[in-house]
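Reading the structure
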Amino acid sequence: DSGVTQTPKHLITATGQRVTLRCSPRSGDLSVYWYQQSLDQGLQFLIQYYNGEERAKGNILERFSAQQFPDLHSELNLSSLELGDSALYFCASSVGLAGSQDTQYFGPGTRLTVL
Amino acid sequence: QKEVEQDPGPLSVPEGAIVSLNCTYSNSAFQYFMWYRQYSRKGPELLMYTYSSGNKEDGRFTAQVDKSSKYISLFIRDSQPSDSATYLCAMSAGDWNRLAFGKGNQVVVIP
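Residues numbered from 1 in each chain as written. Chains lettered and ligands numbered in written order. Predicted model: local features only at pLDDT ≥ 70, side-chain atom pairs only at ≥ 80, totals over all residues. Heavy atoms only, no water.

Looking at the interface of chain A and chain B
Size of an interface, as often reported, equals the accessible area lost when the parts are brought together. Contact residues are listed per partner, giving 26 residues for chain A and 18 residues for chain B. Carbon and sulfur atoms make up 49% of the surface buried where chain A meets chain B, a total of about 1700 Å² over both sides. Counting the surface chain A buries against chain B, the share from its top three residues, Leu43, Gln101 and Phe106 of chain A, is 29%. Across the contact surface, chain A and chain B share 0 salt bridges. Looking at the side of chain A that touches chain B, the elements with two or more residues in it are strand E4 (31-38), strand E5 (42-50) and strand E6 (53-57) of chain A. Per-element tally for the side of chain A that touches chain B: the top contributor is E5 of chain A, with 5 residues. A class-by-class count of the residues in the side of chain A that touches chain B yields 10 nonpolar, 12 polar and 4 charged. (Contact = heavy atoms within 4.5 Å. Buried area = accessible area lost by both parts, 1.4 Å probe. Salt bridge = Lys/Arg side-chain N within 4 Å of Asp/Glu carboxyl O. Helix = DSSP H or I, 4+ residues; strand = E, 2+ residues; numbered from the N terminus. Nonpolar A, V, L, I, M, F, W, Y, C, P; charged D, E, K, R; others polar.)

Focus: the environment of Leu76 of chain A
Residue and element names in this part refer to chain A. Looking at the secondary structure, you find Leu76 in strand E8 (residues 74-78). Between the alpha carbons of Leu76 and Tyr89 there is a distance of 9.2 Å; along the sequence they are 13 residues apart. Apart from residues no more than four positions distant in its own chain, Leu76 is found in contact with Val19, Thr20, Leu21, Trp34, Leu46, Ile60, Ser65, Ala66 and Tyr89.

Okay, structure coming up:
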């Protein structure tokens, strides 16, 4: 168990809908990362937050947004869902020290199915 | 061209065999090279990392990096059924906050 929790485990929804995925980082970690994993694209970095502020952005669509709250949990919001958004969404956390080998610990993921 | 290429083909080996996995990359700024292991229905976990070129050994696992060829490898000796998982390579240019992952190789070790 990595110490990172994600809810829900599974989510089934319809095209055009909006969903929110939730992540609680390991105790003491200030950085939270979101990834999307699909069979054709592999694991893709979406966005990173550090202590409530956006730190790095990857291949995140405009329909997607995230935030990190004062208690350090994070939410990933996915809107106007398309079939191609079906994937595993992982949250990871790390201490967040810049310029160091800052290991990311991954949660168990949320499996999103868009019908 | 993707930054990191990993042939995602599955690999089945008998118990005790050597497993050989590799990735190529195009970004010469990459300095840290990692291997993650992902069990079914779990998140990836860091297996080992190497800085720059060279070899690193950890028990039955050996990671090799050849920066001149932009090629990294992971070897698993005396493979066990518990090694059955998907192995993903990942790379970073500096800070580990932006990792570029390969697609992963599913490895099945048959008892």
